[in-house]
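Descriptive analysis of the structure
What follows is each chain in one-letter form.
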Amino acid sequence: MLSVRHPAKEAPARSPQEACLRVIQHEHAALSAVLRSILLMLDHGPDKQPERFFDVLRSMLFYIDEFPERLHHPKESNLLFPRLARVAPQLLPVIDRLEHDHMAGEIAVRSLQHQLLAWEILGDASRAPFEHAMRQHAAFYHEHMRLEETEVLPAARELLTPADWQALDRAFAANGDALAGATPDPRYDRLFTRIVTHAPAPIGVGKEWD
């Protein structure tokens, strides 16, 4: 299993609009699965497998930084939100909040990477701050995605033009997020393999933690 989705079982997208929305929703699902796996790992703790535990957590935080933060969010901010703001000005407060979330999320995930390293290197005195920050970040992300899927995507589906969707489809199709069912960028083969092989469900097939 290399993806939380099964694209082969889905009908081909009939339009750029459908294709783009599917990519966005699949990338949300992949991120949600990664976050759930991280929280499950925190519930269990490193116990007798600290090297595996920290290695997998580092990999999943790196994934969040590389894909949702560096690829997914900028395309929403630079392509989707401006188009939607022009045709749905009533959504400007929602879009402003989502933009603020994007900026805050980028800073937060890098802080989490630092806090995780502190736990690994400095020991259990640094565990509670990381766990608290990680749980808060997971809740923040789930609310962010809920807002996009209930407020932004329905309006975009209704109001954007075919030309808008063609531009969005080209951009989002290039993301290469294998966890969301896309053809992976070969540079990230080791990252995806590490996550899927060693992380617990729902994102991976790693054996149960002893």
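A brief look at the structure comes next. (Residues numbered from 1 in each chain as written. Predicted model: local features only at pLDDT ≥ 70, side-chain atom pairs only at ≥ 80, totals over all residues. Heavy atoms only, no water.)

1. Description of the nonpolar core
Core analysis: the largest hydrophobic core is formed by 37 residues, its most contacted members being M60, Y63 and I64. At the level of elements, α1 (16-44), α2 (50-87), α3 (92-122), α4 (127-159) and α6 (189-198) are the ones that each hand at least two residues to this core. Ranked by residues supplied to this core, first place goes to α2 with nine residues. In this structure, V94, I95, L153 and A156 belong to the second largest nonpolar core, which totals 20 residues. (Core = buried A, V, L, I, M, F, W, Y, C linked by side-chain atoms within 4.5 Å. Buried < 20%, exposed > 50% of the residue type's maximum accessible area, 1.4 Å probe, protein only. Helix = DSSP H or I, 4+ residues; strand = E, 2+ residues; numbered from the N terminus.)

2. Concerning a nonpolar patch on the surface
A cluster of nonpolar residues, L117, I121 and L122, forms a patch on the protein surface that exposes about 330 Å² of accessible area. Its location among the elements puts L117 in helix α3. Of the residues examined, L117 reaches a relative accessible area of 44% and is grouped as partly exposed. (Patch = residues over 30% accessible without salt bridge, like charges linked within 9 Å, V, L, I, M, F, W, Y side chains within 5 Å. Areas by Shrake-Rupley, 256 points an atom, 1.4 Å probe, with all protein chains shown as cover. Salt bridge = Lys/Arg side-chain N within 4 Å of Asp/Glu carboxyl O.)

3. What to know about the packing of aromatic side chains
Counted under the stated rule, the structure contains ten aromatic pairs. Aromatic pair F67 and F192: ring centres 5.3 Å apart, planes at 50°, arrangement tilted. One end of the pair, F67, is in helix α2; the other, F192, is in helix α6, with 125 residues separating them in the sequence. A single burial state applies to F67 and to F192, both of which are buried. An aromatic cluster is defined as three or more aromatic residues linked by ring pairs; in this entry it consists of F53, F54, W119 and F130. (Phe/Tyr/Trp six-rings, centres within 6.5 Å; stacked < 30°, edge-to-face > 60°.)

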